[in-house]
Amino acid sequence: MTTVQSPNSPQDSLAASTLPALRAVSVRPAIRPLAWAVALAWAGAGLHAQAQEPAAPEAAAGQEAALMADGLPALKLKSSPLLQETYPQEVRDQQPIYIKGDSLSGQPDIKASVHGEAELRRGDTMIRADKLDYALPDDKVNAVGSVYINQAGNVYKGTTLDLQVDAFKGQFDNADYRFLANGAYGESSRVDFIDKDHSVVHNATYTTCQRDDEASWQPSWMLKAETIELDMAEEVGVAHNAKLQFKGVTVLPVPRMSFPLSDKRKSGLLPPMIGMDKLGGIEYSQPYYWNIAPNRDLTVTPTLMTKRGVNLSGMFRYLEPRYSGETYASYMPGDNLRNRDRWGYSWQHRATIDTPVGGLGLNMNLNRVSDDDYWRDFRLTPIALRQRLLPSTANLSWAKGDGVLSLNMTRYQTLQDPDALIAPPYSMVPQLQYRYTPQELPHGLDFSLVADTTRFELIRPIAGQAYNNGQRSYMQAQLSRPFLSPGAFITPKIMLHTSRYDTDSMMSNGSKSANRTLPTFSLDSGLVFERDTSWFGKKLLQTFEPRAFYTYTPYRDQSMLPLYDTGRSDFNFSSIFSENDYVGQDRIADNHLVTLGATSRFIDPESGAEKLKFAVAQRVRLSDQRVLLPGEVAATSKLSDILLGAAINWTDKWSLEGTTQYNKDLGRTVRTTATARYSPGNYRTFNIGYRTQYDTVAQTDASKLVDVGWQWPINDLWGDKGKDLGAGRGQGGGRWYAVGRLNYSIKDRKMVDTVVGLEYDGCCWIGRVVLQRLQSSVVQSNLQLLFQMEFVGFSRLSFGADPTASLKRNVPRYQYLREAVSPPSRFTNYD
């Protein structure tokens, strides 16, 4: 048995549309002089509802009081079954039957015969034919000549029909059909209706290709089967003795195949993936999806690699009101590539519990693999296992009022490459932390307190790496009072940091313990000026926002303290206005400096959107900084590098953004980042980025990269700018799309990563071919050719990994050509 899955995201339910209505009775004359309209299953005239806006509570109460004062019963708003997507069973059983036509004869409550444009309606079912006979005792209709059925939006056309209306059980000869959920249709010699949700189609065809006006038109792809069993409740079809044809050529003959009739999730075999890789040889993967429950599922994927062996992987997902998570595991016994068993697992779990004593939270993120080469040998695993630094964390927290107490564990597995070693970080085993942030303090004060004690251990250090395991405890309190006005702000802040270290080995001063207490004072201030202006005929609001930031921390010798979690922060517009140059708690910079900056914005006064932005900032050091990390060189200049930034978002179609760091002593920029984006519409985007870093010590370029990404219809190049088929509504010829990303190192004069591909949207099918070369180490890369055929609304056949996953991951702003849309209403085919 082969089962194919819908490629789109699941839509598990369709909400009913309910209109508040006042019930009213009306009798309408027949449309034709000879037409009859009779309700055979429900006595009384037809009921018609007119939608009305519900009255406000006060108005409704007043109307009710007035009506009761006049001795009349109050009118009440009720929901109407009209225009609902589905009928409740109790309402369905009460639905009347309406019959009309050019002429009608018969016996009341026994039978009715209608000739000439005969029509029968009941609830969401409508039957139309040249001639129609209805027997009331058997609830059975016989129709001949151009028979047409609309059942809840699903349409059938044929020659002869025998049907029990309420049970929807019978036979329809020479029937064509079209399904509402996915627009699929086909032909058959006979349709056997089992009930409202189940039917069997004989000598059937099935496709989602939309017919055009050409007499010689043939669908691009078609499923032909001896029989197709249709289950509308589960939205699944099962074809027997089937073959899938593309352009008239059979590509997949199977004795039994199940396929989706909508985007609803279902259990079964997913489309297989066939690939070729220089590490694994020819690879064949056959996933199986188990839809355990609406909130739980499992995907199991065995993979055969001709050069390596068999790998078995599984992904389990769960979603509950108070907890959720996903688990991935993979095992490969006796991998011929490394001559050992290979395995990996990743588990993410999130849980919250409300208790009378506060809220409890449990978060887990566990990642582990068998060996150092796993990240480069298994490129189709979750991204959490494709990194060289794998964290495993566990967090148990308790929150009550303004305080949060947490117990954390963090361990790292470092996957080493002999050509590019990584110094592994310290693990926290464990960390106990309390944070207190009161929300309501008098006089506009802001206060926060952090108390923390952590045990640090270094696991598997590399050769020559200095380390000193130990316990660090610290407490940091800060108090500030912001003074705000529409045109200015000033925020004084005082902080006090005290810490203690107890190490396993002696520190550089010969001691195993150390204490440190440091106060910090800062003053942040700024002004905001505004004026009306215009650029290129567009009215704008311009601001000028000068800012001054002062901070002072006295010097304390910290050179003997170990470095557990501390590094220099990135030099940018955020860190330049901060008190400490370091992230972490092991170094507190003895800063005595003033940061001066200014920002000017140009804002659309109607939408509030920021169209232009220019910024500049620089530090003025009032005394030399003496606290440094090992290997750092103290800055000798009183003036820091200058930061310059600009951003332009003149329209939604394009944007420019750039930041540069200029060193006046060297007379050159030492770091520049610039990006540009042009996105004039769906499936049209072009991105280019430029990054350069200059090594001020070695006086040479450390890196210089250009990054280009795009998705664009190639048809635009020769003037064919017709409607994109991506929304699934295009007709006629298809459209070609170029997509890719190139990452080029100017310094090394070579490509780092390359992803280039073509997509063809043929309305009912999509073809994709992607060539990707991704760097896996300093000297190694992995080259893959990915190919995929997607039969829209039916299945995907892939050669290699899923190219859409690669494009989504590597191409900025990439759009899948079949983004999910709202399920259609049954009134789409209403007639």
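For the structure given in this document, a descriptive report is provided here. (Residues numbered from 1 in each chain as written. Predicted model: local features only at pLDDT ≥ 70, side-chain atom pairs only at ≥ 80, totals over all residues. Heavy atoms only, no water.)

**Some thoughts on the overall build of the protein chain**
Helix and strand counts for the protein chain come out as 4 helices and 52 strands. Buried residues in the protein chain amount to 42% of all 831 residues. Considering only residue pairs separated by 6 or more positions, the protein chain has 51% of its internal contacts joining residues 24 or more positions apart. Of the accessible surface of the protein chain, which amounts to about 42900 Å², a share of 57% is contributed by carbon and sulfur atoms. (Helix = DSSP H or I, 4+ residues; strand = E, 2+ residues; numbered from the N terminus. Buried < 20%, exposed > 50% of the residue type's maximum accessible area, 1.4 Å probe, protein only. Contact = heavy atoms within 4.5 Å. Areas by Shrake-Rupley, 256 points an atom, 1.4 Å probe, with all protein chains shown as cover.)

**A look at the pattern of salt bridges**
Across all of its chains, the model carries 41 salt bridges by this definition. A salt bridge links Arg-338 to Asp-373, with the shortest nitrogen-to-oxygen separation between them at 3.7 Å. Taken together, the residues span a long stretch of sequence, with Arg-338 in the loop between β26 (323-335) and β27 (340-355) and Asp-373 in the loop between β28 (358-369) and α3 (374-377) at a distance of 35 residues. Exposure remark for Arg-338: the relative accessible area of 33% places this residue in the partly exposed category. In this structure, Glu-610 engages Arg-601 in a salt bridge whose closest nitrogen and oxygen atoms are separated by 3.0 Å. We classify Glu-610 as partly exposed; its relative accessible area is 29%. (Salt bridge = Lys/Arg side-chain N within 4 Å of Asp/Glu carboxyl O.)

**A short note on the nonpolar core**
By size, the foremost hydrophobic cluster in this structure holds 53 residues, and its most contacted members are Tyr-206, Trp-221 and Ile-228. The element contributing the most residues to this core is strand β17 (residues 221-231), with 5 residues. In this structure Ile-228 touches Tyr-177, Ser-199, Val-200, Val-201, Ala-204, Tyr-206, Val-238, Ala-239 and Phe-259, once residues within four positions along its chain are discounted. (Core = buried A, V, L, I, M, F, W, Y, C linked by side-chain atoms within 4.5 Å.)

**Description of unusual backbone geometry**
The phi angle of most residues is negative, glycine excepted, and most peptide bonds adopt the trans form. In the segment running from Val-429 into Pro-430, the intervening peptide bond is cis, with an omega of 0°. Within the fold, Pro-430 resides in strand β31 (residues 427-436). Positioned with a positive phi, Asn-339 is a non-glycine residue whose angle comes to about 55°. Within the secondary structure layout, Asn-339 lies in the loop between β26 and β27.

**Re the pairing of strand β52 (residues 795-799)**
Bridge count for strand β21 (residues 273-277) against β52 is 2 bridges, and the pairing is parallel. Residue pairing across strands places Met-273 opposite Ser-798, the latter belonging to β52. In this structure, strand β51 (residues 781-791) lies alongside β52, joined through 5 bridges in antiparallel fashion. Within β52, the position partnered with Gln-788 by the bridge is Ser-798. (Pairing = 2+ DSSP bridges.)

**Brief notes about helix α4 (residues 803-810)**
For α4, every residue scored as buried is listed here: Pro-803, Thr-804, Ser-806, Leu-807 and Asn-810. Looking straight down α4, one finds that the buried residues subtend no more than 160° of arc, so they occupy a single side. Contact partners of the buried residues in α4: β48 (735-745), β49 (750-761), β50 (765-775), β51 and β52. (Arc of directions from axis to C-beta.)

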